[in-house]
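Letter by letter, the chains look like this.
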Amino acid sequence: MLSERRLEVLRAIVQDYVGTEEPVGSKALTERHKLGVSPATVRNDMAVLEDEGFIAQPHTSAGRIPTDKGYRLFVDKLAGVKPLSSPERRAIHNFLDGAVDLDDVVGRTVRLLAQLTRQVAIVQYPSLTRSTVRHVELLSLAPARLMLVLITDTGRVEQRMIDCPAPFGETSLADLRARLNSRVVSRRFADVPQLVQDLPESFESEDRATVSTVLSILLETLVEETEERLMIGGTSNLTRFGHDFPVMIRPVLEALEEQVVLLKLLGEAKDSGMTVRIGHENAHEGLNSTSVVAVGYGSGDEAVAKLGVVGPTRMDYPGTMGAVRAVARYVGQILAES
């Protein structure tokens with residue numbers, strides 16, 4: 001266990017290195033921070049921190065920089081979440097409030113997160129596997145042609161055209177619409193197949209083939225749309241941090257281009273609470289020089305998807321965590337109101 005003073009020295013090293021981008025020496029620490037001890041004592045504390053693996057010397061005659069282990073201790077024990085200012089909160093609210101549909105919400109969220117944190121922003125679309133049905137609309141386009149519109153609790157809208165095996169009258173259509181909604185509204189997608197499996201039998205024989213066709217298209221839509229989607233933005237922000245990546249930036253950019261990698265990255269985040277993965281804690285080799293800050297968002301207590309940022313390990317963790325948490329809360333409010 002490190003003493004309180006050595007924890008304070010580590011906190012000061014992280015703050016200075018994040019702020020100045022320069023390795024930190026004992027003389028600079030005692031000048032910038034009220035540590036209450038001499039430079040010699042700070043040098044001794046830094047030697048202990050180095051022996052314990054919390055800081056390292058990047059090259060001879062340089063000061064010290066935090067290691068992944070040092071950043072981890074900083075995040076777990078020393079860094080609070082920095083709250084956003086009132087103007088920042090207002091800006092988030094005004095920017096997201098203008099969204100017209102789910103795609104717009106996700107697009108605006110990505111841009112906002114990238115601007116606030118100056119990192120790469122990733123936003124996962126609400127997962128349909130966790131979503132519930134808000135409404136199913138059936139519209140007649142021609143005697144034997146229908147349009148199915150599926151609306152989820154997160155505001156996602158899916159449309160499908162249906163060619164019926166026989167003409168389907170308005171009365172039968174209204175009846176199917178009513179019966180279908182009575183069974184599936186507010187139910188999870190995963191539960192829908194079982195809830196509608198005996199529905200065709202409750203219709204007249206001449207309508208059963210059409211009802212089965214409609215249900216088949218509905219269930220196909222549910223299966224298709226459980227494929228996870230995400231949006232990424234702010235990749236150009238990484239070019240500002242070229243010197244933060246030990247070899248070159250290309251492995252990071254290549255990892256960010258792989259949707260499977262990003263979905264796994266967000267999938268490793270907890271549904272509730274903040275997840276921070278630092279450096280080599282990231283399983284993908286291309287992201288070993290980055291940190292990931294992610295959190296779940298949703299329209300109620302349950303997270304329906306996740307959002308977060310990727311940047312160099314030399315990151316303003318309190319500020320980034322505050323921005324990610326605040327944006328997630330606002331997106332959740334928008335989904336609840338939509």
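Everything below is about the structure shown above.
Only a predicted model underlies this, so the values are computations on that prediction, with no experimental measurement involved. Throughout this document, residue positions are counted from 1 along each chain, in the order its sequence is written. Predicted model: local features are reported for residues with pLDDT of at least 70 only, side-chain atom pairs are reported and counted for 80 or more only, and whole-chain, interface and lining totals are derived from all residues. Only hydrogens and water are removed before side-chain values are computed, so all heavy atoms of the structure are retained for them.

A look at the sheet that holds strand β8 (residues 274-278)
Sheets are built from strands that pair by backbone hydrogen bonding, the pairs being arranged parallel or antiparallel. Spatially, five strands are ordered β7-β3-β10-β9-β8 in an open sheet, and the strand pairing comes out antiparallel. Only two strands of the sheet have a single partner each, and these edge strands are β7 (230-233) and β8. Adjacent strand axes in the sheet meet at a mean angle of 15° when their direction is disregarded. Running over the sheet, helix α11 (residues 259-267) touches β3 (120-124), β7, β9 (290-297) and β10 (305-312) and is turned about 105° from β10. Two strands are said to pair when DSSP picks up at least two bridges between them. Numbering goes from the N terminus for both helices and strands, where a helix is a DSSP run of H or I of at least four residues and a strand is a run of E of at least two. With axes taken as lines fitted to C-alpha atoms, and helix axes fitted only over the stretch in contact, angles between N-to-C directions fall between 0 and 180 degrees. Residues are treated as being in contact if the distance between any of their heavy atoms lies within 4.5 Å.

Topic: the pairing of β8
The element β8 is largely enclosed, with a buried count of four among its five residues. Sheet analysis places β8 next to β9, joined by five bridges and oriented antiparallel. If you follow methionine 274 over to β9, its bridge partner there is valine 295. Between buried and exposed lies partly exposed: a residue is buried under 20% and exposed over 50% of the maximum accessible area for its type, with that area taken using a 1.4 Å probe on protein chains only.

Overview of the sheet that holds strand β4 (residues 133-142)
Taken together, three strands build an open sheet; the order of strands is β4-β5-β6 and the sheet is antiparallel. One side of each edge strand has no neighbouring strand; the edge strands of this open sheet are β4 and β6 (157-163). Across this sheet, the average inter-strand angle for adjacent strands is 20°, counted without regard to direction. Judged from the eight bridges that link them, β4 and strand β5 (residues 145-152) form a sheet pairing that is antiparallel. Paired with valine 133 across the strands is threonine 152, a residue of β5. With respect to the sheet, helix α7 (residues 170-184) is in contact with β4 and β5, its orientation differing from that of β4 by roughly 165°.

Concerning the packing of helix α1 (residues 4-20) against helix α4 (residues 68-78)
The interhelical angle for the contact between α1 and α4, taken along N-to-C directions, is 110°, at an axis separation of 10 Å. Judged by the angle between their axes, α1 and α4 are roughly perpendicular. Once α1 is placed against α4, the crossing between them reads as left-handed. Each of Leu7, Leu10, Arg11, Val14, Tyr17 and Val18 in α1 lies in contact with α4, whose residues at this interface are Gly70, Tyr71, Leu73, Phe74 and Leu78. Amino acids outside the nonpolar list (Ala, Val, Leu, Ile, Met, Phe, Trp, Tyr, Cys, Pro) and the charged list (Asp, Glu, Lys, Arg) are all regarded as polar, and Gly is one of them. Along the lines of polarity and charge, the residues of the contact of α1 with α4 split into nine nonpolar, one polar and one charged. Angles below 35 degrees are treated as roughly parallel, those above 145 as roughly antiparallel, those between 65 and 115 as roughly perpendicular, and all remaining angles as oblique. If you view the pair so one helix is near and one far, a crossing is left-handed when the near helix is turned anticlockwise from the far one by less than a right angle, and right-handed when it is turned clockwise.

Points about the side chain of aspartate 207
Within the secondary structure, aspartate 207 is located in helix α9 (residues 205-225). Summary of buried charges: aspartate 207 has no salt-bridge partner, and the nearest side chain of opposite charge, arginine 179, is 8.1 Å away. Those residues in contact with aspartate 207 that sit more than four places away from it in its chain are Phe168 and Ser172. In this tally, Asp and Glu contribute negative charge and Lys and Arg positive charge; neither His nor the terminal groups of the chain are included. Only one rule defines a salt bridge in this text: a Lys or Arg side-chain nitrogen within 4 Å of an Asp or Glu carboxyl oxygen.

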